Amino acid sequence: MFSRKRVIRLVAAPLMAGALTLGTAGIAAAATTTELRPVQAFLFFQHGVSFGSGPVEATATVGVEAGEVTVTTASKISGAGDMGSSAVSLLPVPVTVVWTNIDNGRSGSAGGISTEPITLATGAGRVDLTITTDTPNLPGGGRVVVE
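Residues numbered from 1 in each chain as written. Predicted model: local features only at pLDDT ≥ 70, side-chain atom pairs only at ≥ 80, totals over all residues. Heavy atoms only, no water.

K.L.:
Go over the confidence of the model for the chain, please, and point to the residues and values.
P.N.:
On average, residues of the chain score 77 in pLDDT, and 68% of them reach the 70 mark or higher. Contacts for the low-pLDDT stretch residues 1-28, under 50 throughout, to residues beyond four places or in other chains number 19 contacts. (pLDDT = per-residue confidence, 0-100. Contact = heavy atoms within 4.5 Å.)

Right, here's the structure in full:
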């Protein structure tokens, strides 16, 4: 027979493994991450002498908290300097995420730096995300389903 302490450990262990949450029916559900269309950013440094461009890659994670989506971005900027060199860097870039929940009508926006995740309280439903930078860019984004 199991001791009381052992039974508690066996029951609690599945709820603490990975990014699991309790859904509306009390059943554990794993968080899901979706790759979004990257932003194509164009940067200019040193009064226009140096320039860079490249994707700001993005993912959206849902299921960690009910009614929320977390957008994580990372810039992969490469550029040419005064000497014509080219290198890829993880240069922090200011990003803005504009969202619309097409099921409940809510919308909003949030900003941050490409090296830090942005959490959005969208409510449950299908959520359209548009991601831009504060530099000239071709927007990225996608659609996720938030529980």
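K.L.:
Account for the pairing of strand β8 (residues 94-101), with residues named and values stated.
P.N.:
The side-chain alternation of β8 yields one buried face, formed by Val95, Val97, Trp99 and Asn101, and one unburied face, formed by Pro94, Thr96, Val98 and Thr100. Pairing analysis gives seven bridges linking β8 to strand β9 (residues 107-113), with the strands arranged antiparallel. Bridged to Thr100 within β9 is Ser107. What sits between β8 and β9 in their antiparallel hairpin is a turn of five residues, with Gly105 showing a positive phi close to 80°. For β8 and strand β11 (residues 125-133), the ladder comprises seven bridges, and the chain directions are antiparallel. Looking at the pairing, Val97 lines up with Ile131 of β11. (Buried < 20%, exposed > 50% of the residue type's maximum accessible area, 1.4 Å probe, protein only. Helix = DSSP H or I, 4+ residues; strand = E, 2+ residues; numbered from the N terminus. Pairing = 2+ DSSP bridges.)

K.L.:
Would you mind going over the side chain of Thr61 in detail, with residue names and values included?
P.N.:
Among the secondary structure elements, Thr61 is positioned in strand β4 (residues 50-62). Of the residues examined, Thr61 reaches a relative accessible area of 17% and is grouped as buried. Within polar-contact distance, the side chain of Thr61 engages the side chain of Thr33 at 3.0 Å. Not counting the four nearest positions on each side in its chain, Thr61 is found in contact with Ala31, Thr32, Thr33, Glu68, Val69 and Thr70. (Polar contact = N/O pair within 3.5 Å; in protein donor to acceptor, adjacent residues only side chain to side chain.)

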